[in-house]
Amino acid sequence: MNKKITIIIPTYNEKDNIERLINEIININPELHIIVVDDNSPDGTSKIVEQISAQNKNIHLIKREKKRGLGTAHIAGFLYSEKDLKAEYLITMDSDFSHNPTTIPEIIKALNENDVVIGSRYTEGGKVVDSPFIRRLISKTANFLTTYLLRLKVKDATSGFRGYRIEALKKIDYDNIFSDGYSFLVEIVYKLSILNDIKIKEIPIRFIDRKEGKSKISRKEIFKAIKTIFTLFFMKMFYEDNAIELLDKKFTNLNIISYIKLRFHISRYKKVASMLKKGNILDLGCGRPTEFMKDQSFLIFFKNENSIGIDLKNIEKPRYKFIQTEIQPIPLENEKFDNIIMMELIEHIKDPETILIEIKRILKNDGIVVITTPDNNILWNLIWKVWTKTFGKMWKDQHISNFNKKGWENIISKHLKINKIKRNWFFDLIFQCSKK
Ligand SMILES: Nc1nc2c(ncn2[C@@H]2O[C@H](COP(=O)(O)OP(=O)(O)O)[C@@H](O)[C@H]2O)c(=O)[nH]1
Ligand SMILES: [Mg+2]
């Protein structure tokens, strides 16, 4: 064996299992490095491991001062494998013999061809033995959610019996891992799965319920797992739309209101983007749409190098060309742009027609204009009332021009030809226009 391989085993009160497990692993291959991560188990598990490791330099003990969860224990093992042992393959397993050590050579073999290998109960040939009904239900439910919400192709996303190539793990920023307990297993496999160049393979295992000691999974861990899956579900959208780069904050620091707002803006971006034509773009009012998103978010989303953004407020480090200016008048030459977009801005202007005249002037004759603005209808006002009551005041106070769909159609069509009207989330209008 020329590769350095570590076996990472988290333990909490496993005095009846750990020594026998270590011996069985040594019998399989004495060159394997075993890292036990013990959270100061009251039953003295770490003392047993200390004694063994004093005799055998391949046995390592990471002793943590208190119980800190399975996920952080795995990470501690990853870091030790990478930094201290310079290992290439890392294997994680439970200490209670639910994971049969004789599977280790199979995992190693599969790691030669794959980045991540999962010992799977639910792939063909896999099995669960002697597990209580409730445990099976929890595990099945978690896997059902990861399949349908996260669209994760892995059949057993909660299995802790795994192999990882260190090169794959290096692509994960452990600082951004938000789950510390069992649901860490879902989070890390999900985050690995969305990287393009990662190969994940499941190999069947027989999972046998523990004979010695007690399970440490608690009701709290189950709630935390549900929270993890839903948080990842929200994240999914950003990866899919490549929109994580629009955030000015760490994703995990967003709250539920931020998620709602973000979904709203990105949903509009997609629709607006689909209405544009080839060529250059002017974004009127290109500043951040909400406090946790970046300035020029739409332009960053759309990725057209021929873009200019204009805003009343200054922007630090603009990603695309930027002019800070009033927009009545717009300090640009006539017939300059293929596309002009103006999102959620026109309602802030006292005399909306003046800006439409300016847009017409700088638009090329065959250019496209996309304007978005709230539809001041009953629904919008209702949503507004509920929102203000629930979450507090937002932007509506600054809306000087309030019209419903008909009203906006009348104003816009005085200056431009309306080709298409779409809606974003029922109450937001999107007008695609051209010159008359
Ligand atoms: N270091 C550490 N190990 C833990 C912690 N919670 C569970 N473990 C270990 O993780 C493995 C899986 O736990 P177990 O209770 O068997 O989970 P179950 O098989 O899902 O019931 C066992 O080896 C436990 O000793 C923890 O907070 N810290
Ligand atoms: Mg167990």
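Here is what the cut-offs are and how they apply
Residues numbered from 1 in each chain as written. Chains lettered and ligands numbered in written order. Predicted model: local features only at pLDDT ≥ 70, side-chain atom pairs only at ≥ 80, totals over all residues. Heavy atoms only, no water. Core = buried A, V, L, I, M, F, W, Y, C linked by side-chain atoms within 4.5 Å. Buried < 20%, exposed > 50% of the residue type's maximum accessible area, 1.4 Å probe, protein only. Helix = DSSP H or I, 4+ residues; strand = E, 2+ residues; numbered from the N terminus. Contact = heavy atoms within 4.5 Å. Polar contact = N/O pair within 3.5 Å; in protein donor to acceptor, adjacent residues only side chain to side chain. Axes fitted to C-alpha atoms, helices over the stretch in contact; angles between N-to-C directions. Nonpolar A, V, L, I, M, F, W, Y, C, P; charged D, E, K, R; others polar. Pairing = 2+ DSSP bridges. Domains from an automatic or database assignment. Right-handed = clockwise from strand over helix to strand, strands pointing away.

Within soluble globular proteins, side chains that are nonpolar tend to cluster in buried spots. Counting residues in each nonpolar core, the largest one holds 39 residues, and the members touching the most others are Phe78, Leu169, Ile188 and Leu192. Of all the elements in the fold, those that place two or more residues in this core are β2 (33-38), α3 (70-84), β5 (116-120), α5 (133-148), α6 (166-169), α7 (184-193) and α8 (219-240). With seven residues, α7 is the single largest residue contributor to this core. In this view, Leu192 contacts Val116, Tyr164, Ala168, Leu169, Ile172 and Ile198; residues no more than four positions away in its chain are not counted. One finds Ile9, Ile18, Ile34 and Phe161 within the second-largest nonpolar core, a separate group that totals 30 residues.

Moving on: the side chain of Ser41. Residue placement: Ser41 occurs in the loop between β2 and α2 (45-55). The class for Ser41 is buried, based on a relative accessible area of 4%. Here the side chain of Ser41 touches Asp38 through a polar contact of 2.5 Å, side chain to side chain. When residues no more than four places from it in sequence are discounted, the contact partners of Ser41 are Thr11, Tyr12 and Asn13.

Direction vectors running N to C along helix α1 (residues 18-28) and α2 enclose 35°, while the axes themselves pass 10 Å from each other. Along the contact surface, α1 presents Ile18, Glu19 and Ile22, while α2 presents Thr45, Ile48, Val49 and Ile52. Residue composition of the contact of α1 with α2, grouped by class: five nonpolar, one polar and one charged.

Strand order in the open sheet made by the seven strands is β12-β11-β10-β13-β14-β16-β15, with mixed pairing throughout. Each having just a single partner strand, β12 (321-324) and β15 (417-424) make up the two edges of the open sheet. Averaged over all neighbouring strand pairs, the angle between strand axes comes to 15°, with direction disregarded. Across the sheet, helix α11 (residues 352-362) is in contact with β10 (281-284), β13 (337-343) and β14 (363-374); its angle to β14 comes to roughly 150°. Contacting β14, β15 and β16 (428-434), helix α13 (residues 405-413) crosses the sheet at an angle of about 20° to β16.

This next bit is on the domain arrangement of the protein. Domain annotation for the protein reports domain 1 (5-239) and domain 2 (267-434). Placing a centre on the C-alpha atoms of domain 1 and another on those of domain 2 gives a separation of 49 Å.

This part takes up the pairing of strand β1 (residues 5-11). In terms of residue burial, β1 counts as a mostly covered element, since seven of its seven residues are buried. Of the two faces of β1, the one lined by Ile5, Ile7, Ile9 and Thr11 and the one lined by Thr6, Ile8 and Pro10 are each fully buried. Pairing between β1 and strand β4 (residues 89-92): four bridges, direction parallel. Paired with Ile7 across the two strands is Ile91, which belongs to β4. The sheet contact formed by β1 and β2 spans six bridges and is parallel. By the bridge assignment for β2, Thr6 is matched with His33. A crossover connection joins β1 to the parallel β2 through α1; in handedness this β-α-β unit is right-handed.

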